[in-house]
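Chain by chain, the residues run as shown.
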Amino acid sequence: MQHISKLPNVGTTIFTIMGALAKKHNAINLSQGFPDFKMDKKLIDLVTKAMHSGHNQYAPMQGSIALREAIANKFNVLYKTSYHPETEITITASATQAIFSVISTFIKPNDEVIVFRPVYDCYEPAIELNRGKTISIELKSPNFKVDWNAVKAKINNRTKMMIINTPQNPIGTIFSEKDMLQLQALTKGTDIMVLSDEVYEHIVFDDEKHQSACLFPDLKSRSFVVASFGKTFHNTGWRTGYCCAPKALMDEFRKVHQYNVFCVNHPTQIALTEYLKETKHYLELSTFYQEKRDLFLSLIKDSRFKFKPSKGTYFQLLDYSKITQENDVDFAKRLTIENKLASIPISVFYNNAFNGKILRFCFAKKDDTLKRAAHILNTI
């Protein structure tokens, strides 16, 4: 049986490759972005309670209204802005599903979508599947700042969407208030939609403030804000997220969402509703992860790796240019096989068109794991 692939250039992801390599060689895995510590038992108990209470059938397509109300309240607490829980918030099967559904809803053949590279790997395949065209703006190391004049030069009458990610995976940078105002100014008065991937919104360091798209009125009017419970509550395997947008945009989104997954795990939604009532469960996350970042960096400060402390996410970039001139994919594999420590090469987020000597390490790990990883890095 012959067929033509819709994604001919997509193969096995680097996350799968490095994860399998780490397992094969019994390496410490700082490649994939998930914690190796346990989540809060209280949340597990709440899910168990929800199942025993009978919440085991379909949830509403839009998501549990109680959970949507809890999310609306969270936006009021954090950003002093509101989304209507009935018409402007939808629970999704992960942030990835939300992103895919937004792109599938609005991108038509030959529409152009601006992304900032290094770019998270789920954006471009969704654009390609919908026969859109990815327009890349390269963020250059070591500062990875956005050149807004370059962005302006790429905008034309085919530009349908711009995708931003702040705090940004894989590079650990954040968009400043000035960045968001520039974005708002460039899109104001246009038909350009903004897809704001904010899954690490609660992991921002050094007293910085997360600049959500919802904080800027005109930007909010044209934006989808996408978030993840998995990143926030250390349970990435639960695959539960949500998105928020003005009613007119959300109405269209739900037309696609209902035929993509229809609805999301019901007992999880009931548990999350109760868990969100205690704001400390997300307000203390930045402090928790900053302590891990600081521990990791303090342990490797005398190593041959160079770094700028991550400003957000639970990822840290390390520059290995003083160690070897190997390309980053080769060095990442050798580090896994020979030194038993797995990471992610940054060039894969540039479609391998990047010659920097930089690897990404995940510090969402037990302190003991970070200490063992640091010991390896200090010997290289």
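Conventions and cut-offs
Residues numbered from 1 in each chain as written. Predicted model: local features only at pLDDT ≥ 70, side-chain atom pairs only at ≥ 80, totals over all residues. Heavy atoms only, no water. Helix = DSSP H or I, 4+ residues; strand = E, 2+ residues; numbered from the N terminus. Rg over C-alpha atoms; globule rule 2.2 N^0.38 Å. Contact = heavy atoms within 4.5 Å. Areas by Shrake-Rupley, 256 points an atom, 1.4 Å probe, with all protein chains shown as cover. Lys, Arg positive; Asp, Glu negative; His and termini not counted. Charge placed at Lys NZ, Arg CZ, Asp CG, Glu CD. Pairing = 2+ DSSP bridges. Axes fitted to C-alpha atoms, helices over the stretch in contact; angles between N-to-C directions. Buried < 20%, exposed > 50% of the residue type's maximum accessible area, 1.4 Å probe, protein only. Polar contact = N/O pair within 3.5 Å; in protein donor to acceptor, adjacent residues only side chain to side chain. Salt bridge = Lys/Arg side-chain N within 4 Å of Asp/Glu carboxyl O. Core = buried A, V, L, I, M, F, W, Y, C linked by side-chain atoms within 4.5 Å. Left-handed = near helix turned anticlockwise from the far one by under 90°. Nonpolar A, V, L, I, M, F, W, Y, C, P; charged D, E, K, R; others polar. Parallel < 35°, antiparallel > 145°, perpendicular 65-115°, else oblique. Phe/Tyr/Trp six-rings, centres within 6.5 Å; stacked < 30°, edge-to-face > 60°. Lys NZ or Arg CZ within 6 Å of the ring centre and 35° of its normal.

A.B. asks: Kindly report on the overall build of the protein, identifying the contributing residues and their values.
C.D. replies: Along the protein, the regular secondary structure elements total 15 helices and 12 strands. A globule of 380 residues ought to have a C-alpha radius of gyration of about 21 Å, and the protein, at 21 Å, matches this closely. Overall size of the protein, expressed as C-alpha extent along the three principal axes, is 55 × 55 × 55 Å. Pairs at least 24 residues apart make up 75% of the contacts formed inside the protein by residues separated by at least 6 positions. Approximately 17,200 Å² of the protein is accessible, and the part contributed by carbon and sulfur atoms is 50%. The average position of the 49 basic charges and that of the 38 acidic charges among the side chains of the protein differ by 3 Å.

A.B. asks: Outline the sheet that holds strand β12 (residues 358–362), supporting the account with residue identities and numerical values.
C.D. replies: Strand pairing in a sheet takes place through backbone hydrogen bonds and is either antiparallel or parallel in direction. Ordered by their spatial adjacency, three strands build an open sheet running β9-β12-β11, and the pairing between neighbours is antiparallel. Both edges of this open sheet fall to β9 (315–319) and β11 (344–345), since each of them pairs with a single strand only. Pairing of β11 with β12 involves two bridges; the strand directions are antiparallel. When the bridges of β12 are listed, Pro-345 appears paired with Leu-359.

A.B. asks: Describe in detail the sheet that holds strand β7 (residues 223–228), supporting the description with residues and values.
C.D. replies: Ordered by their spatial adjacency, seven strands build an open sheet running β2-β8-β7-β6-β5-β3-β4, and the pairing between neighbours is mixed. The open sheet has two edge strands, β2 (89–92) and β4 (133–138), and neither has a second partner. In this sheet, adjacent strand axes meet at a mean angle of 20 degrees when their direction is disregarded. Where β7 lies against strand β8 (residues 241–244), four bridges are found, and the strand directions are antiparallel.

A.B. asks: An account of helix α14 (residues 328–339) is needed here, citing residue identities and associated values.
C.D. replies: All of the buried residues along α14 are Asp-328, Val-329, Phe-331, Ala-332, Leu-335 and Thr-336. Regarding α14, its N-cap is Asn-327, as a side-chain oxygen of that residue lies 3.1 Å from the backbone nitrogen of Val-329 further along. Phi for Lys-340, located one or two positions after α14, is positive at around 65 degrees.

A.B. asks: Account for the pattern of salt bridges, with residues named and values stated.
C.D. replies: The tally for this structure, following the rule as stated, stands at 18 salt bridges. Glu-201 is the partner of Lys-74 in a salt bridge, and the nearest nitrogen-oxygen pair spans 2.9 Å. Pair noted here: Lys-74 is in helix α3 (residues 65–79) and Glu-201 is in the loop between β6 (193–197) and α8 (217–220), with a separation of 127 residues, a long-range link. Judged on exposure class, the residue Lys-74 and its partner Glu-201 are both buried. Note that Glu-338 and Arg-334 form a salt bridge whose closest N and O atoms lie 3.4 Å from each other. Taken together, the positions of Glu-338 and Arg-334, both in helix α14 and four residues apart, correspond to about one turn of that helix.

A.B. asks: Report on the nonpolar core, specifying residues and quantitative values.
C.D. replies: Ile-71, Met-161 and Phe-224 are the most contacted members of the largest nonpolar core, which has 117 residues in total. Those residues in contact with Ile-71 that sit more than four places away from it in its chain are Ile-89, Ile-91, Phe-229, Tyr-242, Cys-244 and Leu-276.

A.B. asks: Describe in detail unusual backbone geometry, supporting the description with residues and values.
C.D. replies: Omega for the bond connecting Arg-117 with Pro-118 falls within 30 degrees of zero, at 20 degrees, which places this linkage in the cis form. With respect to the secondary-structure elements, Pro-118 resides in the loop between β3 (112–117) and α5 (123–129). Omega for the peptide link from Ser-141 to Pro-142 comes to 10 degrees, which places this bond in the cis form. On the secondary structure map, Pro-142 appears in the loop between β4 and α6 (148–154). The backbone of Asp-206 shows a phi angle near 60 degrees, a positive value even though the residue is not glycine.

A.B. asks: Kindly report on the packing of α3 against helix α11 (residues 266–275), identifying the contributing residues and their values.
C.D. replies: Between α3 and α11, the least distance of the axes is 9 Å, while the angle of their chain directions is 35 degrees. Note on packing geometry: the crossing formed by α3 with α11 is left-handed. In contact with Ala-66, Leu-67 and Ala-70 of α3, α11 contributes Gln-269, Leu-272 and Thr-273. Partitioned by chemical class, the residues of the contact of α3 with α11 number four nonpolar, two polar and no charged.

A.B. asks: For the packing of helix α2 (residues 41–52) against α11, give the residues involved together with the corresponding values.
C.D. replies: Closest axis-to-axis distance for the α2/α11 pair is 8 Å, and the angle between their directions is 130 degrees. Here α2 is positioned oblique relative to α11, judged by the angle of their axes. For the element pair α2 and α11, the recorded crossing hand is right-handed. Facing Lys-42, Leu-43, Leu-46, Val-47, Ala-50 and Met-51 of α2, the residues of α11 in contact are Pro-267, Thr-268, Ile-270, Ala-271, Leu-272, Glu-274 and Tyr-275. Looking at the contact of α2 with α11 residue by residue, the class counts come to 10 nonpolar, one polar and two charged.

A.B. asks: Account for the packing of aromatic side chains, naming residues and giving values.
C.D. replies: Inspection of the entire model under this criterion finds 23 aromatic pairs. Each ring, one from Phe-229 and one from Tyr-242, has its centre 5.1 Å from the other, and the planes form 45 degrees; the classification is tilted. Separated by 13 residues along the polypeptide, Phe-229 in helix α9 (residues 229–232) and Tyr-242 in strand β8 bring together distant segments of the chain. Its relative accessible area of 1% is what places Tyr-242 among the buried residues. Note on Tyr-289 and Tyr-314: the rings are 5.3 Å apart at their centroids and 50 degrees apart in plane angle, and the pair reads as tilted. Of this pair, Tyr-289 sits in helix α13 (residues 285–299) while Tyr-314 sits in the loop between α13 and β9, and the two are 25 residues apart along the sequence. Take Tyr-314: its relative accessible area is 0%, and that puts it in the buried class. Here the aromatic residues Phe-37, Tyr-200, Phe-288, Tyr-289, Tyr-314 and Phe-315 are joined through ring pairs into a cluster of three or more. Across the ring face of Tyr-83, the terminal group of Lys-220 is positioned such that the distance to the ring centre comes to 4.5 Å.

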